[in-house]
Amino acid sequence: MMNADNSPRQPYTTYNDWYASQDKARLIAKSKEAENIFRKTGITFAVYGHADSSEKLIPFDLIPRIISGREWRKLAQGIEQRVIALNAFLDDIYHKQEIIKAGRIPRELVERNEAFLPQMIGFRPPGGVYTHIVGTDIVRTGEDQFYVLEDNARTPSGVSYMLENRETMMQMFPELFHQNRVRPVENYPYLLRHSLASLAPPGCQGKPRVAVLTPGIYNSAYYEHAFLADMMGVELVEGSDLRVIDGRVKMRTTRGYEAIDVLYRRVDDDYLDPLTFKPESALGIPGIMDVYRAGNITIANAPGTGICDDKAIYSYMPEIVEFYTGRKALLENVPTWRCSEPDSLKYVLENLSDLVVKEVHGSGGYGMLVGPTASKKEHAVFAEKLKARPANYIAQPTLSLSTVPILVNKGIAPRHVDLRPYVLVSDKVQIIPGGLTRVALKAGSLVVNSSQGGGTKDTWVLED
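What you see is a predicted model, and the numbers here were worked out from it, not measured in a lab. (Residues numbered from 1 in each chain as written. Predicted model: local features only at pLDDT ≥ 70, side-chain atom pairs only at ≥ 80, totals over all residues. Heavy atoms only, no water.)

Q: Explanation requested: the overall build of the protein chain in the structure shown.
A: Within the protein chain, the secondary structure is distributed over 14 helices and 23 strands. The C-alpha radius of gyration computed for the protein chain amounts to 22 Å, which stays within 12% of the reference 23 Å derived for 464 residues, consistent with globular compactness. In terms of overall dimensions, the protein chain has C-alpha extents of about 65 × 60 × 50 Å along its principal axes. Long-range contacts, defined here as pairs at least 24 residues apart, represent 68% of the contacts in the protein chain between residues at least 6 apart. As displayed, the protein chain has an accessible area near 20100 Å², and 49% of this comes from carbon and sulfur atoms. Between the centroid of the 54 positive side chains of the protein chain and the centroid of its 56 negative side chains there is a distance of 1 Å. (Helix = DSSP H or I, 4+ residues; strand = E, 2+ residues; numbered from the N terminus. Rg over C-alpha atoms; globule rule 2.2 N^0.38 Å. Contact = heavy atoms within 4.5 Å. Areas by Shrake-Rupley, 256 points an atom, 1.4 Å probe, with all protein chains shown as cover. Lys, Arg positive; Asp, Glu negative; His and termini not counted. Charge placed at Lys NZ, Arg CZ, Asp CG, Glu CD.)

Here is the structure:
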């Protein structure tokens, strides 16, 4: 928010003037009001493994993160390039595998990857789109230096918090949206439904019927599933509501079973079809993969996209982007050591105290080691995990992440953040101007995940 000389950075100029004129006690009261709004609305998430409470209120900080139009254009160009490359990569590995033949990525990294689905080989989804919704996690280390931390191409979550954060801010501080030219995000549900419907299968007649598939009320992101279905005006369904009839996936209604054309699934691949994947799954629909491969339903995101979330694949993203777009990546990767490689493993083991080590299939901040803040005992335990399963881990340097202010009782204090913009892919790429800013509420912490005690902020992208 502030420059080194304590003057406000350009995007924050108008907001800083407003903040300076505010009574701090009023802002603290507004912060508690926002918490009550979230509680009444039911904006919660589940934390697996916590005995104290299965549902938690996600902390919300009312000082917005503000991004200028110029900064956003740079980000948007890099995100679009990356999403196009990811989709091309998925189409290639399930068809001709040109990138493997060219020696740009190891064959075993793809074909032995647990997220690679042989069932998708030779099949192309409607419209050729694999990644209908993408969440790209971005961190900032300098005024004009952004890095992609990871790609979320399977079932990216958190967009409901982006929308609720904006709704809450507009409700509490309407004057700020008159004073600052903030680009809207509230049309996301409309854009999502339109984007999904535009990729209905070829046999669809009339207006495409869209539904959201949820694992059910015990899923950590159930609030979001229900929220998005409601905002899009579509049905929220569980696997038990659906069955395959006459080669179509049909939904139980009061008028009998009716066909679904597009299924926005929030169920992982393994549980999607018990006849194809895990036989014990009660969350999916028996036979849906046969319907899918016959071209009679669109599944968003496509099965098999999870390989793009793999952190070992991530380490090859500069090569992947250049291979499919013919240009260097506009947004850089964080430097990454693949522990499957002996020299990299040796380096990581010798420098654990300086590195962040992550599981290649990990998410939510679980199963990772933040070297600089870990104890010697934790280093020793993690070193044994690395030696036992080196291919299961990657390591990255500890970045000097940017900070933004949060409201505390004494005023404001800096905390580290990342940003997850949301991308819709159909016959075009649409990037929602803003996204979810996640903030580490503990002083000095680099872990922003809500499951690890992080909170969220409204993200403003300003008009030029």
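Q: What is the right way to read the packing of helix α13 (residues 342–350) against helix α14 (residues 376–388) from this model?
A: Two numbers describe a pair of packed helices, the interaxial angle and the distance between the axes. α14 packs onto α13 with a crossing angle of 175° between their chain directions and a minimal axis gap of 11 Å. The pairing of α13 with α14 is recorded here as roughly antiparallel in orientation. Across the interface between the two elements, L345, V348 and L349 of α13 pack against A383, L386 and K387 of α14. Its residues placed into classes, the contact of α13 with α14 shows five nonpolar, no polar and one charged. (Axes fitted to C-alpha atoms, helices over the stretch in contact; angles between N-to-C directions. Parallel < 35°, antiparallel > 145°, perpendicular 65-115°, else oblique. Nonpolar A, V, L, I, M, F, W, Y, C, P; charged D, E, K, R; others polar.)

Q: It is not clear to me how the pattern of salt bridges should be interpreted in this structure. Could you clarify?
A: A pair can form between side chains of opposite charge whenever their charged atoms are brought close. Applying the stated criterion to the full structure yields 27 salt bridges. The partner of R82 in a salt bridge is D151, with the nearest N and O atoms 2.7 Å apart. In this pair, R82 sits in helix α3 (residues 69–93) while D151 sits in strand β5 (residues 145–152), placing the two residues 69 residues apart along the sequence. Across this residue pair, the class does not change: R82 and D151 are buried. Among the ionic pairs, E384 bridges to K387, the shortest N-O distance being 3.6 Å. You can see E384 and its partner K387 sitting in helix α14, three residues apart, about one turn around the helix. (Salt bridge = Lys/Arg side-chain N within 4 Å of Asp/Glu carboxyl O. Buried < 20%, exposed > 50% of the residue type's maximum accessible area, 1.4 Å probe, protein only.)

Q: Any chance you could explain the domain arrangement of the protein chain here in plain terms?
A: How big an interface is tends to be expressed through the accessible area that disappears when the partners come together. According to the domain assignment, the protein chain consists of domain 1 (10–332 + 400–461) and domain 2 (335–397). The distance between the C-alpha centroids of domain 1 and domain 2 comes to 26 Å. (Domains from an automatic or database assignment.)

Q: I would appreciate a short explanation of helix α12 (residues 317–325) in the present structure.
A: An α-helix turns once every 3.6 residues. As a result, residues three or four positions apart point the same way. Taken as a whole, α12 has its buried residues at M317, I320 and V321. Relative to the axis of α12, the buried residues are bounded by an arc of 95° and lie together on one face. On its buried side, α12 packs onto α3, α4 (98–101), β5, α11 (311–314) and β13 (332–333). In the segment just after α12, G326 is the residue with positive phi, at about 75°. (Arc of directions from axis to C-beta.)

Q: What am I meant to see in unusual backbone geometry here?
A: Among all residues save glycine, negative phi is the norm, and among peptide bonds the norm is trans. A300 connects to N301 through a cis peptide bond whose omega is -10°. Here N301 shows up in the loop between β12 (298–300) and α11. With a phi close to 70°, N6 is a non-glycine residue in the positive phi region. Assessed through its relative accessible area of 59%, N6 is described here as exposed. In this model, Q97 sits at a positive phi of 55°, which is unusual for a non-glycine residue. By the element assignment, Q97 lies in the loop between α3 and α4.

Q: Looking at this structure, I do not really get the sheet that holds strand β9 (residues 248–253). What am I missing?
A: Strand pairing in a sheet relies on backbone hydrogen bonds. The paired strands run either parallel or antiparallel. The strand order β8-β9-β10 describes an open sheet built from three strands, whose pairing is antiparallel. Because the sheet does not close on itself, it has two edges, and the strands there are β8 (242–245) and β10 (256–259). Between one strand and the next, the sheet's axes are offset by a mean angle of 45°, whatever the strand orientation. Bridge count between β9 and β10: four bridges; the pairing is antiparallel. If you follow M251 over to β10, its bridge partner there is E258. (Pairing = 2+ DSSP bridges.)

Q: I keep staring at the packing of aromatic side chains and nothing clicks. Help me out?
A: Two aromatic rings, taken as a pair, are described by how far apart their centres are and by the angle between their planes. Counting across every chain of the model gives 14 aromatic pairs. Here Y15 and Y19 contribute two aromatic rings whose centre-to-centre distance is 6.4 Å and whose plane-to-plane angle is 25°, an arrangement assigned as stacked. Linking Y15 with Y19, this pair stays in helix α1 (residues 13–20), spanning four residues, or about one helical turn. The exposure class of Y19 is buried, given its relative accessible area of 8%. Seen in terms of ring centroids, Y15 and W460 are 6.1 Å apart; in terms of plane orientation they differ by 85°. Their pairing is edge-to-face. Highlighted residues: Y15 in helix α1 and W460 in strand β23 (residues 455–461), separated in sequence by 445 residues. Linked through ring pairs, Y15, W18, Y19, F173, F177 and W460 together constitute an aromatic cluster. Here the guanidinium or amino end of K24 rests over the ring plane of Y19, the centre of that ring lying 4.8 Å away. Positioned over the ring face of F173 is K30, at 5.6 Å from the centre of the ring. (Phe/Tyr/Trp six-rings, centres within 6.5 Å; stacked < 30°, edge-to-face > 60°. Lys NZ or Arg CZ within 6 Å of the ring centre and 35° of its normal.)

Q: Could you clarify how one ought to interpret helix α6 (residues 159–172) in this entry?
A: With 14 residues, α6 should reach 20 Å at 1.5 Å per residue; the first-to-last C-alpha distance of 20 Å fits that figure. When α6 is considered as a whole, its buried residues turn out to be V159, S160, Y161, M162, L163, E164, N165, R166, T168, M169 and M172. (Expected span 1.5 Å × (residues − 1).)

Q: Help me out: how do you make sense of the sheet that holds strand β16 (residues 369–370) in this one?
A: Across the sheet, which stays open at both edges, the four strands sit in the order β14-β17-β15-β16 with antiparallel pairing between neighbours. Looking at which strands have only one partner, the edges of the open sheet turn out to be β14 (337–338) and β16. With two bridges connecting them, strand β15 (residues 355–359) and β16 associate as antiparallel partners. Counted as the bridge partner of V357 is L369 from β16.

Q: Looking at this structure, how should I read the environment of K376?
A: The topology assignment puts K376 in helix α14. For the pair K376 and V461, spaced 85 residues apart in sequence, the C-alpha separation works out to 42 Å.

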